[in-house]
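Below, each chain spelled out in residue letters.
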Amino acid sequence: MATAFGSQLRALRGKRRERWRDLSPMRKREARFGLLFITPWIIGVLMFNLFPFVASFVLSFTRYNLVQPPQWVGMQNYNNILTDDPLFWKSLGNTSVYVAGSVAIRILLGFALALLLNAKVRFLGMWRTLFYVPSVVPIVALSIVWLYVLNARAGLLNWFLTLFGLPRIRWFADPDYAMLAFLIMSTTWVGVTMVIFLAGLQGIPEEYYDAAKIDGANWLQRLRRVTIPLMTPTIYLNVLINIIAAFQVFTQIFIMTGGRPRDATRTYVLHLFDHAFQYLPPEMGYSSALAWILFMIIFVFTATIVASSRRWVFYQGD
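Chains are numbered independently. Their residues run from 1 in the order of the written sequence. With pLDDT at 70 or above as the cut-off, local features in this predicted model cover only qualifying residues; side-chain atom pairs require 80 or more to be listed or tallied, and sums for whole chains, interfaces and linings still use all residues. The side-chain numbers reported here are obtained from all heavy atoms of the structure, hydrogens and water having been left aside.

(A) Representation of the overall build of the chain in the model. Helix and strand definitions follow DSSP, with helices as H or I runs of at least four residues and strands as E runs of at least two, each counted in order from the N terminus. From N to C terminus, the chain includes 14 helices and two strands. Two things to know: the radius of gyration comes from C-alpha atoms, and the globule rule equals 2.2 Å times the number of residues to the power 0.38. For 318 residues, the compact-globule estimate of 2.2 N^0.38 gives 20 Å, and the C-alpha radius of gyration of the chain, at 26 Å, exceeds that figure by more than 25%. Considered along the principal axes of its C-alpha atoms, the chain spans approximately 75 × 65 × 35 Å. In this description, contact between two residues means that some pair of their heavy atoms is separated by no more than 4.5 Å. Long-range pairs, those at least 24 residues apart, make up 66% of the contacts in the chain with a sequence separation of at least 6. To measure how exposed things are, a 1.4 Å probe is used in the Shrake-Rupley method; for residues, cover is taken only from the protein chains shown. Accessible surface for the chain amounts to roughly 20,100 Å². Of this, 67% is attributable to carbon and sulfur atoms.

(B) Spatial organisation of helix 9 (residues 190-202). Counted at 1.5 Å a residue, the expected span for helix 9 with its 13 residues is 18 Å, and the 18 Å between its end C-alpha atoms agrees. Burial in helix 9 covers these residues: V190, G191, T193, M194, F197, L198, G200 and L201. In this analysis, the expected span of each helix is defined as 1.5 Å times one less than the number of residues it contains. The rule is simple: take the accessible area with a 1.4 Å probe, protein chains only, and divide by the maximum for that residue type; under 20% is buried, over 50% is exposed, in between is partly exposed.

(C) Geometry of the packing of helix 5 (residues 124-132) against helix 9. Convention adopted: a line fitted to C-alpha atoms gives each axis, helices being fitted over their contacting stretch, and angles between N-to-C directions are expressed from 0 to 180 degrees. Taken N-terminus to C-terminus, the directions of helix 5 and helix 9 make an angle of 140°; their axes are 8 Å apart at the nearest point. The angle between helix 5 and helix 9 falls in the class oblique. Counting all contacts with helix 5, which are made through R128, F131 and Y132, the residues of helix 9 involved are G191, V192, M194, V195, L198 and Q202. Considered class by class, the residues forming the contact of helix 5 with helix 9 number six nonpolar, two polar and one charged. Between 65 and 115 degrees an angle is taken as roughly perpendicular, under 35 as roughly parallel, over 145 as roughly antiparallel, and anywhere else as oblique. Under the scheme applied here, ten amino acids are nonpolar (Ala, Val, Leu, Ile, Met, Phe, Trp, Tyr, Cys and Pro), four are charged (Asp, Glu, Lys and Arg), and all others, including Gly, are polar.

(D) Local environment of the pattern of salt bridges. By convention in these notes, a salt bridge is any Lys or Arg side-chain nitrogen within 4 Å of a carboxyl oxygen on Asp or Glu. Under the definition given, this model contains two salt bridges. The salt bridge involving D263 is made with R266; its shortest N-O contact spans 2.9 Å. Residue D263 is classed as partly exposed on the basis of its relative accessible area, which comes to 25%. The partner of R266 in a salt bridge is D274, with the nearest N and O atoms 2.7 Å apart. Connected through shared salt-bridge partners, D263, R266 and D274 make up one network.

(E) Representation of helix 6 (residues 139-149) in the model. For helix 6, the set of buried residues is L142, S143 and W146. End-on, the buried residues of helix 6 take up no more than an arc of 100°, which puts them together on one face. Tucked into the core, helix 6 has its buried residues touching helix 8 (175-185) and helix 12 (251-256). The arc in question is formed by the directions pointing from the helix axis toward the C-beta atoms.

(F) Inspection of the packing of helix 2 (residues 25-59) against helix 14 (residues 284-312) at higher detail. In contact at an axis separation of 7 Å, helix 2 and helix 14 are set at 115° when each is read in the N-to-C sense. Relative to helix 14, the element helix 2 is oriented roughly perpendicular. Along this stretch, helix 2 crosses helix 14, giving a crossing that reads as left-handed. Along its contact with helix 2, which presents F53, S56, F57 and L59, the element helix 14 presents G285, S288, W292 and F295. Tallied by class, the residues present in the contact of helix 2 with helix 14 amount to five nonpolar, three polar and no charged. In this scheme the handedness of a crossing depends on how the near helix is turned from the far one: anticlockwise by less than a right angle means left-handed, clockwise means right-handed.

(G) Highlighting the packing of aromatic side chains. Two aromatic rings, drawn from Phe, Tyr or Trp (for Trp, its six-membered ring), form a pair once their centres lie within 6.5 Å of each other, and the interplanar angle then sorts them: stacked below 30 degrees, edge-to-face above 60, tilted otherwise. The tally for this structure, following the rule as stated, stands at 21 aromatic pairs. Seen from their ring centres, F88 and W89 are 4.8 Å apart, and the 75° between their planes marks the pair as edge-to-face. Given a relative accessible area of 47%, W89 falls into the partly exposed group. Considering the side-chain rings of F250 and F254, the 5.3 Å spacing of their centres and the 20° angle between planes classify their relative orientation as stacked. Here the aromatic cluster, defined as three or more aromatic residues joined through ring pairs, consists of F53, F57, F61, W72, Y78, W292, F295 and F299.

(H) Spatial organisation of the side chain of T95. Following the sequence through the fold, T95 ends up in helix 4 (residues 86-117). In contact with T95, not counting residues within four places along its chain, are A246, F247, T267 and Y268.

(I) Region of the structure containing the environment of F295. Its place among the elements puts F295 in helix 14. On the basis of relative accessible area, F295 is assigned to the partly exposed category, the value being 36%. Along the chain, F295 and I244 lie 51 residues apart, while their C-alpha atoms are 9.8 Å from each other.

(J) Molecular detail of unusual backbone geometry. In this chain, R260 is followed by P261 through a cis amide linkage whose omega measures -5°. Mapped onto the elements, P261 comes out in the loop between helix 12 and helix 13 (268-278). Positive phi, normally seen in glycine, also occurs at L66, with a value near 75°. With respect to the helices, strands and loops of the structure, L66 is situated in the loop between strand 1 (62-63) and strand 2 (71-72). Unlike most non-glycine residues, D263 shows phi in positive territory, near 60°.

(K) Structural view of the environment of P233. Its place among the elements puts P233 in helix 11 (residues 219-247). Put simply, P233 and V190 are 43 residues apart on the chain and 18 Å apart in space, counted from C-alpha to C-alpha. Filtering out sequence-adjacent residues up to four positions away, P233 remains in contact with V313, F314 and Y315.

In structure tokens, the structure reads:
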């Protein structure tokens, strides 16, 4: 097998040399200049993407505290994570709750807003801008704003609850409500999902709706039989993007609660961060193992969604 692979590789190299010899001097000069211009990008990818990727994989099998040289420990880090780290399962469970809740909120709310803002109403551009602008505000600034909104004593949300005779909620002090507070906060980024859905809705030909109206379909039937089937590629894209992003939630939780109360908001990446930069001595090998477990979890979710997309994603050309 190795011999066959080597012969195929040599044949491929031979074909490339032949193609290079067949190029005109101008084409060769253009190729050299093109390679020269993309060289900084290639160096950046190798230094800041590929090298850390490989290094973290190697370090995941070592004990490394940034001071002493790495010591090879094999699968010990992975074994300790799965058997001796209760916070691993706690953080994974919290992250799973956040992923399920935030993805559902962004998909459903984003789709509903896109349907509303796809209609011909006055000041349409203003409404689209108002819903999208919060998603481009720096996350640190948003976290500070939401700390005031969710304040237990003088927060805007608790004031709104009191208007309906409901009791005030200690959002960041009660373990039963702390993660719910972050799910409410996740509505801030629904603008990105809304814009993608809006682009998908505007790509649906009007002829489909006209034909459905002629057949007597009402608004709900058009939504179910025309809009949603033709929007499945956009739904598929939004689900993938939001799942990958939700698994990596970190900044707002690090700023607002730090995993409190009683680790109710400790997410996976926060747990990874603590082992790498908060604990003394730092556990870079352990953190690398945590990072690779997260990578495999996201990979499995992504691969499952991609594999299942053949059953529920429909393209207009099909």
